[in-house]
Amino acid sequence: MSSEGIQNGGMAARSKASVIPPHLQLVNVWKRFGSEPNRTVAVSNVDLSIAPGEFVTLIGPSGCGKSTLFNMIAGLLPPDSDGSILLSGQPQPDGALLGKIAFMPQKDLLFPWRTVLDNATLALEVEGMSRRKARAKAESLFPEFGLMGFERHYPHELSGGMRQRVALMRTFLFERDLILLDEPFGALDALTRAMMQRWLLDIWERHKRTVLFITHDIDEAIFLGDKVMVMTARPGTIKQTETIALPRPRDASVITSPDFMEIKRRLLASVEEESMKTFALSRDAADRKTMS
Amino acid sequence: MTMRGRILTSPPVTVLLVALAWLAVVPLFNIEPRYLPPLGDVYAEAVKLWPDLLAGFWRTFLETFIGFIAGALIGIGFGTAFAYVRLLERAFFPIFVALQSVPVIAFGAIVVIWFGNTILAKVVIALYLAFFPVAVNTLRGLSGVNPGRAALLSSFGASNWQSFLMLALPSAAPVIMTGLKLGISLSLAGAIVGEWFGDTVGLGVLLLQALYFEQVTRVWVLIIACGLLGALLYGALSLIERRYVWWQFD
Ligand SMILES: Nc1ncnc2c1ncn2[C@@H]1O[C@H](COP(=O)(O)OP(=O)(O)OP(=O)(O)O)[C@@H](O)[C@H]1O
Ligand SMILES: [Mg+2]
């Protein structure tokens, strides 16, 4: 599939939104934790819509509710009753999303008693595939994930970056059209990270899955995404959606192009403003505490 | 640990060192046999007692083993039920705690009345003592399952049963192992005490007889035999743990 194909596919999906329903749609989604006076509003009034095959990156200050949003999309946490989540146009009641979305949590959450290979096949086993078949399927992915030779190792024998790749492989083997990745490359060094980004784009262009990707890294958000969504400080809501029209396939040189720089400058201002708010908020709270 | 440190702390070497100390200390401090008989005498007594000793060892082993296995299974069963059905835990857990504070001697009396001087009576006492630590630790292990991992499995669409088998049980296994290791030592004590209520074969029986006739050397033989049995049972569990349940609870 050529890069044009992907571009046009994405565009077409967007312009024909009335015909093809968005793959994922959130309407007025809220999440409040606890009750007054200790109520935390983690996510407020989130509206978003992602077309089939689109790669969307989500960026926002720490603690703004990104992981909470993912937990709701994965079906692990019910959204508050004032909003709804739609998958391919179908409203999803509480619990209906479980098993429909490939979700990679922020922590690798590998099972220490399982080998790397058996960690990778976890979802396949849940789906009822025989161990032998699941292993054979996973084994073929090891070179691609840079884990060849580590099939029989245990998680505690791996570096942080390797563990993250095992978790990523586990997510990919759970073959669902929508993939949620919560800071998948957060633990990787810059070199491996750049390599994994290109590798992920390659996989995505071949498999045409819809990806929603959380990151703290603006470069990463722009480099990967068709769209970058910026979240506000808590209570998190979508502040801004930036369409990234950089041509695909993208290689490392994109990052130094003037277009990229221009987008980055705009997003940086927006993200930093929110980060400042996060710190100002916590300072206010601390002040209030010391005063009372 | 260094190579030398490992050798010094390996069980056979420890036993050898204790034996050497025993050999040296008795003549050195002129200890009366009433307090500590010479090791040679103890050995001779063991040889004399051999057939009875062997039969007693086997019998006490059997009581302990059967009681422990039954207690462990029931303990894991109850621990699991408590972990998943809060109501059951609230209703029954306090009862078990209260039962547990009844001294085994008192409980043993009624067991013997119920089951007579059979092997079953000892098995039941061993079971009773193993049950509680296993149940408590099973409950603790299963309630401490990492919620993130549980969420991950649900996101794959796992059923409760799958979550139990693939996550809860293996992650609780190290804690359950701790309960089993506590339980097996208690089972042995239970079996020996059970024999004191009356029987003809068993290490406990021999121990009681030796006590009556003030056969100090024989008491030492039996102390060593009981210690050996305990060490064998505990060692077997530790071996299983090291081989199959080597990961940490987190
Ligand atoms: N179960 C919960 N109960 C109460 N508050 C919660 C719960 N889960 C999350 N929160 C709160 O919701 C807010 C958002 O948390 P969340 O983990 O979604 O942030 P995040 O954007 O993923 O942060 P980071 O980038 O650091 O991972 C935080 O203030 C957190 O304390
Ligand atoms: Mg997070």
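Everything quoted here is computed from the prediction, not taken from an experiment. (Residues numbered from 1 in each chain as written. Chains lettered and ligands numbered in written order. Predicted model: local features only at pLDDT ≥ 70, side-chain atom pairs only at ≥ 80, totals over all residues. Heavy atoms only, no water.)

### As for the overall build of chain B
Phase 1: A count of helices and strands for chain B gives ten helices and zero strands.
Phase 2: Listing every helix and strand of chain B by position from the N terminus yields α-α-α-α-α-α-α-α-α-α.
Phase 3: Projected onto its principal axes, the C-alpha positions of chain B cover 70 × 55 × 25 Å.
Phase 4: Evaluated residue by residue, chain B yields a buried proportion of 41% over its 250 residues.
Phase 5: For chain B, restricting intrachain contacts to residue pairs at least 6 apart in sequence, the fraction spanning at least 24 positions comes to 76%.
Phase 6: Working note: accessible area of chain B is about 13,700 Å², and carbon and sulfur atoms make up 74% of it. (Helix = DSSP H or I, 4+ residues; strand = E, 2+ residues; numbered from the N terminus. Buried < 20%, exposed > 50% of the residue type's maximum accessible area, 1.4 Å probe, protein only. Contact = heavy atoms within 4.5 Å. Areas by Shrake-Rupley, 256 points an atom, 1.4 Å probe, with all protein chains shown as cover.)

### Some points on the environment of Ala-168 of chain B
All names here are of chain B.
Phase 1: As for its position among the elements, Ala-168 is in helix α8 (residues 160-196).
Phase 2: Spatially, the C-alpha atom of Ala-168 lies 16 Å from that of Val-134, the residues being 34 residues apart in sequence.
Phase 3: Not counting chain neighbours up to four residues away, the residues in contact with Ala-168 comprise Tyr-84, Leu-142, Val-145 and Ser-163.

### Some thoughts on the UniProt feature "domain: ABC transmembrane type-1" (unreviewed entry) in chain B
Phase 1: The UniProt feature table records "domain: ABC transmembrane type-1" (unreviewed entry) at residues 57-241 of chain B.
Phase 2: Helix makes up 88% of residues 57-241 of chain B and strand 0%, whereas the separation of the span's terminal C-alpha atoms amounts to 25 Å. (UniProt positions renumbered as here; feature names shortened; annotations may be inferred.)

### Points about the domain arrangement of chain A
Residue and element names in this part refer to chain A.
Phase 1: Each domain of chain A was delimited in the assignment, giving domain 1 (2-101 + 176-291) and domain 2 (102-175).
Phase 2: Once you take the C-alpha centre of each, domain 1 and domain 2 turn out to be 25 Å apart.
Phase 3: Counting from both sides, the interface comprises 27 residues of domain 1 and, opposite them, 17 residues of domain 2.
Phase 4: Across the domain 1/domain 2 interface, buried area totals approximately 1,900 Å², and carbon plus sulfur atoms make up 61% of it.
Phase 5: Where domain 1 touches domain 2, the interface holds two salt bridges.
Phase 6: Among the ionic pairs, Arg-176 bridges to Glu-127, the shortest N-O distance being 2.8 Å.
Phase 7: Taken together, the links from domain 1 to domain 2 amount to 14 residue pairs in polar contact (both at pLDDT 80 or more).
Phase 8: Listing elements by their share of the side of domain 1 that touches domain 2, those giving two or more residues are α2 (66-73), β7 (178-182) and α7 (190-207). (Domains from an automatic or database assignment. Buried area = accessible area lost by both parts, 1.4 Å probe. Salt bridge = Lys/Arg side-chain N within 4 Å of Asp/Glu carboxyl O. Polar contact = N/O pair within 3.5 Å; in protein donor to acceptor, adjacent residues only side chain to side chain.)

### Some words on the confidence of the model for chain B
Fine structural detail should not be taken from predicted coordinates in areas where pLDDT scores are low.
Phase 1: Considering every residue of chain B, the mean pLDDT works out to 92; 98% of them sit at 70 or more.
Phase 2: Predicted complex, confidence summary: ipTM 0.85, pTM 0.86. (pLDDT = per-residue confidence, 0-100.)

### Quick notes on the coordination of the magnesium ion (ligand 2)
Residue and element names in this part refer to chain A.
Phase 1: Distances from the magnesium ion (ligand 2) to its protein donors, Ser-67 (OG) and Gln-106 (OE1), fall at 2.0 to 2.3 Å. With a gap of 39 residues between them, Ser-67 in helix α2 and Gln-106 in the loop between β6 (102-104) and α3 (116-120) connect regions that are remote in the sequence.
Phase 2: A residue is classified by how much of its surface remains accessible, and Ser-67, at 25% relative accessible area, is partly exposed.
Phase 3: A relative accessible area of 38% means that Gln-106 is categorised as partly exposed. (Donors = N, O, S within 2.8 Å, 3.2 Å for Na, K, Ca; no water.)

### Overview of the pairing of strand β4 (residues 84-87) of chain A
Residue and element names in this part refer to chain A.
Phase 1: Here four bridges tie strand β1 (residues 24-33) to β4, and the two strands are oriented antiparallel to one another. Within β4, the residue paired with Val-27 across the bridge is Ser-84.
Phase 2: Where β4 hands over to strand β5 (residues 90-91), the hairpin turn is made up of two residues, of which Ser-88 adopts a positive phi near 45 degrees. (Pairing = 2+ DSSP bridges.)

### Details of the pattern of salt bridges
Phase 1: Summed over all chains, the structure comprises 30 salt bridges over all chains.
Phase 2: One salt bridge in this structure joins Asp-108 of chain A and Arg-163 of chain A, with 3.0 Å as the shortest N-O distance. Of this pair, Asp-108 of chain A sits in the loop between β6 and α3 while Arg-163 of chain A sits in helix α6 (residues 160-173), placing them 55 residues apart in sequence.
Phase 3: On the basis of relative accessible area, Asp-108 of chain A is assigned to the buried category, the value being 14%.
Phase 4: With relative accessibility at 22%, the residue Arg-163 of chain A sits in the partly exposed group.
Phase 5: Of the charged contacts in the structure, one is a salt bridge between Glu-45 of chain B and Arg-218 of chain B, with a shortest N-O distance of 2.9 Å. Of the two residues, Glu-45 of chain B is situated in helix α3 (residues 39-84) and Arg-218 of chain B in helix α10 (residues 216-244); the sequence distance between them amounts to 173 residues. Accessibility assignment for this pair places Glu-45 of chain B and Arg-218 of chain B in one class, buried.
Phase 6: Here the salt bridges do not stand alone but share partners, grouping Lys-31, Arg-32, Asp-80 and Asp-82 of chain A into one network.

### Focus on the packing of aromatic side chains
All names here are of chain B.
Phase 1: Scanning all chains against the criterion turns up 25 aromatic pairs over all chains.
Phase 2: Aromatic pair Tyr-84 and Phe-164: ring centres 5.8 Å apart, planes at 75 degrees, arrangement edge-to-face. With a gap of 80 residues between them, Tyr-84 in helix α3 and Phe-164 in helix α8 connect regions that are remote in the sequence.
Phase 3: Note on Tyr-84: relative accessible area 48%, which makes it partly exposed.
Phase 4: On the accessibility criterion, Phe-164 (13% relative accessible area) is buried. (Phe/Tyr/Trp six-rings, centres within 6.5 Å; stacked < 30°, edge-to-face > 60°.)

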